Amino acid sequence: MIVRILGEGQYDVADDSVERLNALDAVVESAIEAGDEAAFRPALEALLAGVREHGTAHDVESLDESDLILPPGDATLDEVRELLGDDGLIPG
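All values derive from a computational prediction rather than experimental measurement.

1. Considerations on the overall build of the protein chain
Of regular secondary structure, the protein chain possesses three helices and four strands. Beginning at the N terminus, the succession of helices and strands in the protein chain can be written as β-β-α-α-β-β-α. The C-alpha atoms of the protein chain give 12 Å as radius of gyration, which agrees with the globular expectation for 92 residues (12 Å, within 12%). The principal-axis extents of the C-alpha atoms in the protein chain amount to approximately 40 × 25 × 20 Å. When the 92 residues of the protein chain are sorted by exposure, 38% land in the buried category. When the 5 basic and 23 acidic side-chain charges of the protein chain are each reduced to a single mean position, those positions are 5 Å apart.

2. Examining helix H1 (residues 18–34)
Given a rise of 1.5 Å per residue, 17 residues ought to cover 24 Å, and the 24 Å separating the end C-alpha atoms of H1 matches this to within 8%. Among all positions in H1, only Val18, Leu21, Asn22, Asp25, Val28, Glu29, Ala31 and Ile32 are buried. Of the surrounding secondary structure, the elements contacted by the buried residues of H1 are strand E2 (9–13), helix H2 (37–54) and helix H3 (77–83). Positive backbone phi, at 65°, marks Gly35, one or two positions downstream of H1.

3. What to know about the confidence of the model for the protein chain
With 96% of its residues at a pLDDT of at least 70, the protein chain reaches an overall mean of 92. Looking over the protein chain, one finds the lowest element-wise mean pLDDT in H3, namely 90, and the highest in H2, namely 97.

4. Digging into the nonpolar core
Formed by 22 residues in total, the largest nonpolar core has its most connected members in Val28, Phe40, Val51, Leu70, Val80 and Ile90. Residue assignment for this core shows that the elements contributing at least two residues are strand E1 (2–5), E2, H1, H2, strand E4 (68–70) and H3. The leading source of residues in this core is H2, at six residues. The contacts of Val28, once residues within four sequence positions are left out, are Phe40, Ala43, Leu44, Leu47, Val80 and Leu89.

Here is what the cut-offs are and how they apply
- Residues numbered from 1 in each chain as written.
- Predicted model: local features only at pLDDT ≥ 70, side-chain atom pairs only at ≥ 80, totals over all residues.
- Heavy atoms only, no water.
- Helix = DSSP H or I, 4+ residues; strand = E, 2+ residues; numbered from the N terminus.
- Rg over C-alpha atoms; globule rule 2.2 N^0.38 Å.
- Buried < 20%, exposed > 50% of the residue type's maximum accessible area, 1.4 Å probe, protein only.
- Lys, Arg positive; Asp, Glu negative; His and termini not counted.
- Charge placed at Lys NZ, Arg CZ, Asp CG, Glu CD.
- Expected span 1.5 Å × (residues − 1).
- Contact = heavy atoms within 4.5 Å.
- pLDDT = per-residue confidence, 0-100.
- Core = buried A, V, L, I, M, F, W, Y, C linked by side-chain atoms within 4.5 Å.

Written as structure tokens, this is what we have:
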């Protein structure tokens, strides 16, 4: 799957990494639901770091559409809340 981190670029992430990313996403979602800014920031950074760690940079010349779009690391809790779907930022 192709995951875009806004303002940074796209990453190719293997399907077998989605479960790990979902665990990180659950922490982000929990912090947002609690309105816990102190827990939100490190949770979002961990999710983005997980994408970078488990993914490889997608060819910048490619015009492939992203399967998932994640907010940048400096996004606010309210901005990310607007992006959340029923399954969090990463469905599955």
